[in-house]
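Coordinate inspection notes
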Amino acid sequence: GSHERRLRGDIAATTAAIGAQYAALKRRGDQESRLARARSQHGRGMMHAGMIGGAGYGMSAAGHKAGRGVVGALRTGYEFDAQMSATQAVVRIDDKNDPRLKQLRDQARTLPLSTKFTDTEVAQGQYFLARTGYNAEQVHAAMPGMLDMAAAAGPAMDLGQAADIASNIQTAMGIPAEKMDRVADVLTAAFTRNNVDIVMLGESLKYSAGVAREYGQSLETNTAATAVL
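Residues numbered from 1 in each chain as written. Predicted model: local features only at pLDDT ≥ 70, side-chain atom pairs only at ≥ 80, totals over all residues. Heavy atoms only, no water.

**Points about the packing of aromatic side chains**
One pass over the structure, following the stated rule, counts one aromatic pair. Residues Tyr127 and Phe128 carry aromatic rings whose centres are separated by 5.7 Å and whose planes lie at 75° to one another, so their mutual orientation is edge-to-face. Sitting over the ring of Phe80, Arg109 keeps its end group 3.8 Å from the ring centre. (Phe/Tyr/Trp six-rings, centres within 6.5 Å; stacked < 30°, edge-to-face > 60°. Lys NZ or Arg CZ within 6 Å of the ring centre and 35° of its normal.)

In structure tokens form, the structure reads like this:
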């Protein structure tokens, strides 16, 4: 009887221990389930945040790019307006609504459509011609020839420099401003057919033009002789 009572006590204690262990395991299982759900939710949340962040970064990058484009366009427009204002001052036109100034502005806007030059570069060419004494009508007539000559000179020559060189030669030779196309054609033929560029040619003609004019030599003769030398 004593052994049976002790055995029943041991069985009861063991059953209670097993029950307690089962309850502890159940609590542990519930805790791990809650932790797994929390991890899953956290993972989905991070993925969503990453997607939003990526979209936001893309939108931000696109916004910055668009912003840079707008700023660049504004800067380009400002440079063009500033150059046209300088040209207006040199040709001595006070009224911004003057038809002659509008003609120059329209020319600077339309010539780039058929050439490699920008509207600001065309405006710079107009400015250099006006600075040598050309009036608005003469500048307008001379610009197409200037663009052809500068284009033939290659990327090393900007339009403003080409206009400056050609106008200096035209003035030194006493050629009317209305004949600037002739000057541009002669110079272009010379530097494209000989081992000389427009800068070298302009530097040489700067010294010989006055003498050639004094002795009655034409631009064509003087240019050809310079090219041969």
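**Digging into helix H3 (residues 119-131)**
If you check H3, its first and last C-alpha atoms are 18 Å apart, about what 13 residues at 1.5 Å a residue would give, namely 18 Å. Within the sequence span of H3, burial applies to Asp119, Thr120, Val122, Ala123, Gly125, Gln126, Leu129 and Ala130. Downstream of H3 by one or two residues, Gly133 has phi in the positive range, about 110°. (Helix = DSSP H or I, 4+ residues; strand = E, 2+ residues; numbered from the N terminus. Expected span 1.5 Å × (residues − 1). Buried < 20%, exposed > 50% of the residue type's maximum accessible area, 1.4 Å probe, protein only.)

**A look at the pattern of salt bridges**
In the structure shown here, the tally under the stated rule is six salt bridges. One salt bridge connects Arg105 with Asp81, and the closest N-O pair in it is separated by 2.5 Å. Taken together, the positions of Arg105 in helix H2 (residues 99-110) and Asp81 in helix H1 (residues 2-90) put the pair 24 residues apart, joining distant regions of the chain. For Asp98, the salt bridge is made with Arg100, and the minimal N-O distance between the two is 3.0 Å. (Salt bridge = Lys/Arg side-chain N within 4 Å of Asp/Glu carboxyl O.)

**Description of the packing of helix H4 (residues 136-153) against helix H6 (residues 180-193)**
Contact pair H4 / H6: the axes reach a minimum separation of 8 Å and the direction vectors enclose 10°. In terms of orientation, H4 lies roughly parallel with respect to H6. Residues Ala141, Ala142, Gly145, Met146, Met149, Ala152 and Ala153 of H4 touch H6, and the partners they reach there are Met180, Asp181, Ala184, Leu187, Thr188, Phe191 and Thr192. Taken together, the residues of the contact of H4 with H6 sort by class into 10 nonpolar, three polar and one charged. (Axes fitted to C-alpha atoms, helices over the stretch in contact; angles between N-to-C directions. Parallel < 35°, antiparallel > 145°, perpendicular 65-115°, else oblique. Contact = heavy atoms within 4.5 Å. Nonpolar A, V, L, I, M, F, W, Y, C, P; charged D, E, K, R; others polar.)

**Let's talk about helix H5 (residues 159-172)**
In an α-helix, one full turn covers 3.6 residues, which means residues spaced three or four apart are oriented alike. Taking 1.5 Å as the rise per residue, H5 with 14 residues should run 20 Å; its terminal C-alpha atoms sit 20 Å apart, in good agreement. All of the buried residues along H5 are Leu159, Gly160, Ala162, Ala163, Ile165, Ala166, Ser167, Ile169 and Gln170. Buried-residue contacts for H5 involve H3, H4, H6, helix H7 (198-214) and helix H8 (219-228). Just past H5, the residue Gly174 takes up positive phi, approximately 70°.

**Remarks on the packing of H4 against H5**
Packing of H4 against H5 leaves a shortest axis separation of 9 Å and a crossing angle of 115°. Taken as axis vectors, H4 and H5 run roughly perpendicular relative to one another. Viewed along their axes, H4 and H5 form a crossing whose handedness is right-handed. Residues Met143, Met146, Leu147, Met149 and Ala150 of H4 touch H5, and the partners they reach there are Leu159, Ala162, Ala163 and Ala166. (Left-handed = near helix turned anticlockwise from the far one by under 90°.)

**With respect to the side chain of Gln83**
Mapped onto the elements of the fold, Gln83 is located in helix H1. Not counting chain neighbours up to four residues away, the residues in contact with Gln83 comprise Thr120, Ala123, Gln124 and Tyr127.

**Here we look at the nonpolar core**
By size, the foremost hydrophobic cluster in this structure holds 46 residues, and its most contacted members are Leu129, Met143, Met146, Met149 and Leu187. Looking at which element gives the most residues to this core, the answer is H4, with eight residues. Leaving out residues up to four positions away in the same chain, Met146 has contacts with Leu129, Leu159, Ala162, Ala163, Ala166, Met180 and Ala184. (Core = buried A, V, L, I, M, F, W, Y, C linked by side-chain atoms within 4.5 Å.)

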